[in-house]
Amino acid sequence: MATLPVDTVLPQLLQALADAPGVVLQAPPGSGKTSRVPLALLNAPFLHGKSIIMLEPRRLAAVNAASWLARSVGEPVGATVGYSIRFQRQVSKATRLEVVTEGLLTRRLQSDQGLEGVGVVIFDEFHERSLQADTALAFCLDVQRHLRDDLKILVMSATLESGPVSHLLGGVPVVSCEGRSYPVDVRYQGEQDGDIAQTAARGVHRALRETAGDILVFLPGSGEIRRCREQLRQSLTTGAEQVVPLYGDLPFAEQERAIVPTRQRKVVLATAIAETSLTIEGVTVVIDAGLSRRLQYDPNTGLNRLVTVRVSAASAIQRAGRAGRLGPGVCYRLWSEGTQSSLVPYNPPEIRIADLAPLALDLAAWGTTDALSLPWLDPPPTGAMNEANELLRELGALGEDGRITPLGGRMAGLPLHPRLARLVLDGERAGCAAVACDLAALIEERDIFRRDRLTVRPVSDCDFTDRLEAFYEWRNRRGHGDAILDPSACRAVDSAASRLRQLLRVPVRAAMPEHGQVALLLAQAWPDRIARQREPGSDRYLLAQGTGARLGQRSAVRDQPFIVAVEMSGSQGAEALIHGATTLTLDALRQKFGESIVRERSYGFDVGLGRVWAREDELFNRLVLSSRPVPPSDEELRATWLAEIGREDGLVLLLWSQFARQFRARVALLRRVCPEEPWPDLGDDWLAAYPEEWLQPWLAGIRTVADLQRLDLHAILKGLLPWDLQRRLDEGAPTHITVPSGSRIAIDYGGDAPVLAVKLQELFGLAETPTVAWGRVSLLLHLLSPARRPIQVTGDLRSFWNTTYPEVKKELKGRYPKHPWPDDPWLAVPMRGTKKREGR
DNA sequence: CTCTCCCT
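Here the residue numbering is sequential within each chain, running from 1 through the sequence in written order. Chain letters and ligand numbers both follow the written order, the letters beginning at A and the numbers at 1. Per-residue local features of the predicted model are confined to residues with pLDDT of at least 70, and side-chain atom pairs are confined, for both listing and counting, to 80 or more; whole-chain, interface and lining totals are unaffected and use all residues. Computation of side-chain values: all heavy atoms of the structure, hydrogens and water removed.

**Topic: helix 23 (residues 634-646)**
Look at helix 23: 18 Å from first C-alpha to last across 13 residues, which is about the 18 Å you get at 1.5 Å a residue. Exposure categories follow from relative accessible area, calculated using a 1.4 Å probe and restricted to protein chains: below 20% of the type maximum is buried, above 50% is exposed, and the middle band is partly exposed. Secondary structure elements are taken from DSSP: a helix is a run of H or I of four residues or more, a strand is a run of E of two residues or more, and numbering for both begins at the N terminus. Those residues of helix 23 that fall on the buried side of the exposure criterion are E636, L637, T640, W641, L642, E644 and I645. Working rule for contacts: check all heavy atoms of both residues, and any pair within 4.5 Å makes them a contact. Of the surrounding elements, those touching the buried residues of helix 23 are strand 22 (597-606), strand 23 (611-620), helix 25 (684-689), helix 26 (691-694) and helix 27 (705-709). A helix is expected to span 1.5 Å multiplied by its residue count minus one.

Printed below as a string of structure tokens:
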């Protein structure tokens, strides 16, 4: 066997692993680590005959590695070397080296915490930092610390800062070796404006001129690939080159076309799928647009968002390396050297940007309530973790104490996202397990409808019954697909569904279910996405979790009051978009979610109508299912009015009679001039600030402003004064005073000083200014003519008689001859009317 | 105006 770079470090690696609980092996692509290291370990003495598990990030890689390794020891797969991927296992009693995909190890650990009989766990391609690999590593380290101090952990990675991993494993040794690849000449194209697809097409022309060999172009997504292809179709007119697209959503047969060698010179327009997952024969030139697209979970909305970002330096290196597999290559980078130095070094680990519901369920099944108690290279972010745990509680997987429930335990046992696990178990309980399996597979696998072909879908009440129907049709005719179906996607769904049925021991295949059945299954798996239409006819919805969303144009659901928004995407700044939904009846919602539906009363003041309203709402989380007006209770009336009165200018709601105003002014006067007495504060500020102290008892049954204005405020305020103060009030601030003429005249307490407005003739014989408050306050006299015209304002009657009266008399005598104008008002008889009338 | 790539 030819020597590979990793061979030179194998002895060192074996020794290090014998001495330490783990090792980090740093080896770039082409070093041979995946093919050599596991074989070298098989006979390591420290293993004592125990077996080896090697993790691979992809199924294809796992199967390929297992068959290569089996061939190396001259055996068929499933003898000494075997593999396990989801729903597929090739092992026997003789198997000592099992290659597994990453998620499977976590699954196995859940049922066999001690990893019985396993001596080493190898993490291959750990630099990809998938959520499953990080989880598996955390669990393995937990096992090593508490159960199996003899378990060895070997982390292998191409590009990775080795320090932090080594530290996480307990300060273990790092072994490095060379890779083997040909030199790649990197040429920077410089910054370009405009459409990246167009820039890439120009790059293709340059590469065609400057190089030979097949060209691999990295673009962020299928849209850019389509546009770039269109550009090239117009500009490459000789037909000497073949341009082929390559991305994950293409049907398998079309992907093949991109991978197999051709006679013409080939230009492959690919997404990141060609970075690690697929290798294209014959490529010596790479054009890297420097962008990639990825899903990013937003814990604020609970939605994933597809974002386009600059590649990391590590990705750029990986992409360039694709040109150096056969011989020296060339890589054109469609950016500048300045930009290059500002690239982030690595892609963010998935655990930092992903939906963590699956992780949260794994942790709960592991018995961990605090994720941070496990060893992580990057701990799961708190926001996403809280969202995940909240969802698991809604799904019934976690109890209020945060611990896993029996239902959660069953969910964790299924190889599905927690929502789909719940869906399948609900289906089982409802007697439609087979439908549930089909539905789960349809949702989980790639869309069976060909995206590029589909323009209009039939209008129905559920996007998923459309899909189920199309899928069942395909299955019945053992179909080859058609204009709108992707057969490879259909096969993937069929296979996943049948494996799920096996797991649940459901023998029969399903027939087309009732719509209501599908809707209920979906509602229970997406309870947070149950949504209510904002208004009839609208495309806008409010979700039970409290956020808003709009129906996408391609959804078959239109104008329905209640839906479950199963497939949604967020986008920055804009309202979330619903891509796949189903209608839900209110009855079904009440029936299935009765425990979560609460009745809540609310009430308030309608300013326009001037009345207190109350209603009873039926609430499901943040959704109002129904609402009906009810008569406000006395308690609600009291609370509303007290709040309204307490507002700024709230007192104007009340009708203040003259009498009530005067009463408050009288009390205010005595409060001011007799501070030693307990006169209450009845000023605006106090009344508005403490309505509960004086108005509360009177508010029962008051529903409208009109009711409120019928309250006798004078009586209410008077009631605040104890009996003796009421008497003292009449004494100290009488409402009226009797003047010498015998008239009882009202005193106006509204101004700063109390005012007595009286005809001059009625005061004849009175020298002293009348007072109130037991002589402490003189009345301000507004002296009036017989026609009640103001003559003079004075606070000193005696001085008026002496000085001003003679002039007044002169002036008015002529105008009012029938009235008396004596020379000596001191002694004159006071009069209410004219001389004649008085004499009668 | 959906849609990078994976995985139990």
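Structure's up, so let's keep going.
**A word on the packing of aromatic side chains**
Within 6.5 Å between ring centres, the rings of Phe, Tyr and Trp (the latter by its six-membered ring) count as paired, and their orientation is classed by plane angle as stacked under 30 degrees, edge-to-face over 60, tilted in between. Summed over the entire model, instances satisfying the criterion amount to 13 aromatic pairs. Each ring, one from F471 and one from Y472, has its centre 5.9 Å from the other, and the planes form 40°; the classification is tilted. Residues F471 and Y472 agree in their burial class; the two are buried. Centroid distance W656 to W694: 6.4 Å. Interplanar angle 35°. Geometry classified as tilted. Of this pair, W656 sits in the loop between helix 23 and helix 24 (658-673) while W694 sits in helix 26; the two residues are 38 residues apart in sequence, bridging distant segments of the chain. Note on accessibility: W656 and W694 belong to one class, buried.

**Describing the UniProt feature "domain: Helicase C-terminal" (unreviewed entry) in chain A**
UniProt positions are given in the numbering used here, feature names are shortened, and annotations may be inferred rather than shown by experiment. Under the UniProt annotation, "domain: Helicase C-terminal" (unreviewed entry) lies at residues 203-367. The span residues 203-367 shows a helical share of 37% and a strand share of 27%, and its end C-alpha atoms are spaced 54 Å apart.

**Concerning the packing of helix 5 (residues 131-146) against helix 14 (residues 357-366)**
Lines are fitted to the C-alpha atoms to define the axes, a helix being fitted only along its stretch in contact, and any angle between axes, read from their N-to-C directions, falls within 0 to 180 degrees. Between helix 5 and helix 14, the shortest axis-to-axis distance is 11 Å and the interhelical angle comes to 15°. Comparing their axes, helix 14 and helix 5 come out roughly parallel. Helix-helix and strand crossings are classified by hand; for helix 5 and helix 14 the assignment is right-handed. For the pair formed by helix 5 and helix 14, the contact residues are L131, T135, F139, D142 and V143 on the first element and L359, D362, L363 and W366 on the second. Roughly parallel refers to an angle under 35 degrees, roughly antiparallel to one over 145, roughly perpendicular to one between 65 and 115, and oblique to any angle outside these ranges. A clockwise turn of the near helix away from the far one marks a right-handed crossing, whereas an anticlockwise turn of less than a right angle marks a left-handed crossing.

**Concerning the protein's contact with DNA strand B**
Taken together, 30 residues lie near DNA strand B, and R59, T101, T271, R451 and Q553 sit nearest. Those atoms of DNA strand B that come within 4 Å of the protein belong to sugar or phosphate at a rate of 57%. With respect to DNA strand B, the backbone of R86 contributes an N or O atom lying 3.0 Å from a phosphate oxygen. T271 is positioned with one of its side-chain polar atoms (N or O) 2.5 Å from a phosphate oxygen of DNA strand B. Being near a molecule or strand, for a residue, comes down to having at least one heavy atom within 4 Å of it. For this analysis, a polar contact is any N or O atom pair within 3.5 Å, provided that within protein one partner can donate a hydrogen and the other can accept it, and provided that sequence-adjacent residues contribute only side-chain to side-chain pairs.

**What about the sheet that holds strand 22?**
Pairing between sheet strands relies on hydrogen bonds along the backbone, with the strands arranged either parallel or antiparallel. Overall, antiparallel pairing links the 3 strands, which are arranged 22-23-24 in an open sheet. Two strands in the sheet have a free side with no partner beyond their single neighbour: strand 22 and strand 24 (623-629). Here the strands of the sheet are splayed against their neighbours by 30° on average, with no regard to which way each runs. Here the rule is simple: two strands pair whenever DSSP picks up at least two bridges between them. Note: strand 22 against strand 23, 10 bridges, orientation antiparallel. The residue bridging D606 from the neighbouring strand is R611, located in strand 23.

**Describing the sheet that holds strand 13 (residues 283-288)**
Reading across the sheet, the 6 strands line up as 9-16-13-10-12-11 and stay open at both edges, with parallel pairing between neighbours. At either margin of the open sheet sits one strand with a lone partner, and together these are strand 9 (184-188) and strand 11 (241-246). Direction aside, neighbouring strands of the sheet carry axes that sit 20° apart on average. Two strands pair when backbone bridges link them, and strand 13 and strand 16 (residues 329-333) are joined in this way by 4 bridges, in the parallel orientation. Paired with D288 across the bridge in strand 16 is R333. Packed on one face of the sheet, helix 7 (residues 196-210) meets strand 9, strand 10 (214-218), strand 11, strand 12 (265-270), strand 13 and strand 16 and runs near 160° to strand 10. Contacts between helix 11 (residues 313-321) and the sheet are confined to strand 9, strand 10, strand 13 and strand 16, with strand 16 contributing the most and set at about 140° to the helix.

**Focus on the UniProt feature "domain: Helicase ATP-binding" (unreviewed entry) in chain A**
Following the UniProt record, one finds the feature "domain: Helicase ATP-binding" (unreviewed entry) at residues 14-178. Helix makes up 38% of residues 14-178 and strand 24%, with an end-to-end C-alpha separation of 17 Å.

**Regarding the pattern of salt bridges**
The term salt bridge refers to a side-chain nitrogen of Lys or Arg lying within 4 Å of a carboxyl oxygen of Asp or Glu. The full count for this structure, using the stated rule, is 48 salt bridges. The partner of D288 in a salt bridge is R319, with the nearest N and O atoms 2.7 Å apart. Residue D288 is found in strand 13, and its partner R319 is found in helix 11; the two are separated by 31 residues along the sequence. Here D288 and R319 have matching classes, each one buried. In this structure, D730 and R666 form a salt bridge, with 2.8 Å as the shortest nitrogen-oxygen distance. Of this pair, D730 sits in helix 29 (residues 723-732) while R666 sits in helix 24, and the two are 64 residues apart along the sequence. Through salt bridges with shared partners, a single ionic network connects D185, R187, R206 and E210.

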